[in-house]
Amino acid sequence: MRLAAALAVVLVAGAAWAQTPAPPPASRDQALADLTQADVEARRRAAAALGEVGRMEDVPALVQALRDGDGIVRALAENSLWGVWSHSGDPEIDALFELGVEQMNLRQGPAAIAIFTRIIEKKPEFAEGWNKRATVYFLMGEYEQSLHDCDEVMKRNPSHFGALAGYGQIYLRLGLPERALPYFQRALAVNPNMEGVAQMVEEIKALLAEKRRESV
């Protein structure tokens, strides 16, 4: 499903690609190899396919693809990182995860917390279970719990730009822009395509500079 959605992005965003469709890579190994090919169409197919067939050990390759010269490759790589992160490798955990995400999207906070807590208890090494619970805690205004879960995410997945940006959002809500700034900067260091985060960095820098001027 993720691969189909990702390829749909390609069809909308790249007319030339839409006119010359080609099958996705035959294997994970082929996708990883194609991700560094000079042929942009091969890189696009590879970036999309890795959302389905990729593993956690492929995260560095996808993070590198976030700096690809082609914008579609970058977007597909970002989408595929979320895909890889959301696959636990355990069908039971993945089914629970989908249910938790559905409840989160429906703003059923306590029910979503209960599901993600079950996931964490069953498979604590699954970083995305912690990340989704951190997200729900944030939406519920439980910022200390959210920060705790973000810490657990980073122990397991240091490249998680979503959790890094999450720290920044929490510290902004707590009125601590000086603490938010380095986390937003770290998120951009992993994924430089986050335009909203980049804008936030500039706004915080301006705010802190104004505070320094006023304190002189």
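Because the structure is predicted, anything quoted here is derived from the model rather than measured.

Colleague: Would you mind going over unusual backbone geometry in detail, with residue names and values included?
Modeller: Even without a glycine there, the phi angle at Arg107 is positive, about 60°. In this structure Arg107 comes out as exposed when scored by relative accessible area, which is 61%.

Colleague: Describe the packing of aromatic side chains, naming the residues involved and giving the relevant values.
Modeller: Evaluation of the coordinates by the stated rule reveals eight aromatic pairs. Arranged with centres 4.3 Å apart and planes meeting at 15°, the rings of Tyr167 and Tyr183 form a pair that is stacked. Of this pair, Tyr167 sits in helix 11 (residues 161-173) while Tyr183 sits in helix 12 (residues 177-190); the two residues are 16 residues apart in sequence, bridging distant segments of the chain. For Tyr167, a relative accessible area of 4% corresponds to the buried category. Seen from their ring centres, Tyr171 and Tyr183 are 5.8 Å apart, and the 20° between their planes marks the pair as stacked. Of this pair, Tyr171 sits in helix 11 while Tyr183 sits in helix 12; the two residues are twelve residues apart in sequence, bridging distant segments of the chain. Taken individually, Tyr171 and Tyr183 each receive the classification buried, so the pair is uniform in this respect. One aromatic cluster in this structure is built from Trp82, Trp85 and Phe161.

Colleague: Mind laying out the pattern of salt bridges, listing which residues take part and the relevant values?
Modeller: One side chain can pair with another of opposite charge once the charged atoms of both are near each other. Following the criterion strictly, the structure yields twelve salt bridges and no others. Across the pair Arg28 and Glu57 runs a salt bridge, and its minimum N-O distance is 3.8 Å. Of this pair, Arg28 sits in helix 3 (residues 28-34) while Glu57 sits in the loop between helix 4 (40-53) and helix 5 (59-65), and the two are 29 residues apart along the sequence. Its relative accessible area of 17% is what places Arg28 among the buried residues. Owing to a relative accessible area of 52%, Glu57 belongs among the exposed residues under this scheme. Notably, a salt bridge pairs Glu92 with Lys122, separated by 3.3 Å at the nearest N-O pair. Within this pair, whereas Glu92 is found in helix 7 (residues 91-105), its partner Lys122 is found in helix 8 (residues 109-122), the two being separated by 30 residues in sequence. Classification of Glu92 by relative accessible area gives partly exposed; the value is 45%.

Colleague: Just give me the short version of the confidence of the model for the protein chain, but keep the residues and values in it.
Modeller: Chain-level statistics for the protein chain give a pLDDT mean of 90 and a share of 88% at 70 or above. Considering only residues more than four positions removed or in separate chains, one finds that residues 1-21, a stretch of pLDDT under 50, has 30 contacts.

Colleague: Outline the nonpolar core, listing residues and values.
Modeller: Judged by nonpolar contacts, the single largest core of 46 residues is most densely connected at Leu35, Leu62, Leu81, Phe161, Tyr167, Phe184 and Met194. Of all the secondary-structure elements, those providing two or more residues to this core are helix 4, helix 5, helix 6 (71-85), helix 9 (127-139), helix 10 (143-156), helix 11, helix 12 and helix 13 (195-215). Among the nonpolar cores identified, the runner-up in size contains 13 residues, and Val101, Ala112, Ile113 and Phe126 belong to it.

Colleague: Break down the environment of Ala46 for me, citing the residues and quoting the values.
Modeller: Structurally, the position occupied by Ala46 is in helix 4. Residue classification places Ala46 among the buried residues on the basis of a relative accessible area of 0%. Residues in contact with Ala46, not counting those within four places in the same chain, are Pro25, Ala31, Asp34 and Leu35.

Colleague: Can you tell me about helix 11, naming the residues and giving the values?
Modeller: In this model, helix 11 (13 residues) spans 18 Å end to end at C-alpha, consistent with the 18 Å of a helix rising 1.5 Å per residue. Considered for burial, the residues of helix 11 that qualify are Phe161, Ala163, Leu164, Ala165, Gly166, Tyr167, Gly168, Ile170 and Tyr171. The secondary structure elements touched by the buried residues of helix 11 are helix 6, helix 9, helix 10, helix 12 and helix 13. Looking one or two residues beyond helix 11, the residue adopting positive phi is Gly175, at roughly 75°.

Colleague: Can you break down the packing of helix 8 against helix 9 residue by residue, with the values?
Modeller: Relative orientation of the contacting elements helix 8 and helix 9 amounts to 160°, with a least axis distance of 9 Å. Here helix 9 runs roughly antiparallel to helix 8, going by the angle between their axes. Regarding helix 8 and helix 9, the two cross each other, and that crossing is left-handed. Residues Gly109, Ala112, Ile113, Phe116, Thr117, Ile119 and Ile120 of helix 8 touch helix 9, and the partners they reach there are Gly129, Trp130, Lys132, Arg133, Val136 and Tyr137. Per-class residue counts for the contact of helix 8 with helix 9 are eight nonpolar, three polar and two charged.

Reading the values: the criteria
- Residues numbered from 1 in each chain as written.
- Predicted model: local features only at pLDDT ≥ 70, side-chain atom pairs only at ≥ 80, totals over all residues.
- Heavy atoms only, no water.
- Buried < 20%, exposed > 50% of the residue type's maximum accessible area, 1.4 Å probe, protein only.
- Phe/Tyr/Trp six-rings, centres within 6.5 Å; stacked < 30°, edge-to-face > 60°.
- Helix = DSSP H or I, 4+ residues; strand = E, 2+ residues; numbered from the N terminus.
- Salt bridge = Lys/Arg side-chain N within 4 Å of Asp/Glu carboxyl O.
- pLDDT = per-residue confidence, 0-100.
- Contact = heavy atoms within 4.5 Å.
- Core = buried A, V, L, I, M, F, W, Y, C linked by side-chain atoms within 4.5 Å.
- Expected span 1.5 Å × (residues − 1).
- Axes fitted to C-alpha atoms, helices over the stretch in contact; angles between N-to-C directions.
- Parallel < 35°, antiparallel > 145°, perpendicular 65-115°, else oblique.
- Left-handed = near helix turned anticlockwise from the far one by under 90°.
- Nonpolar A, V, L, I, M, F, W, Y, C, P; charged D, E, K, R; others polar.

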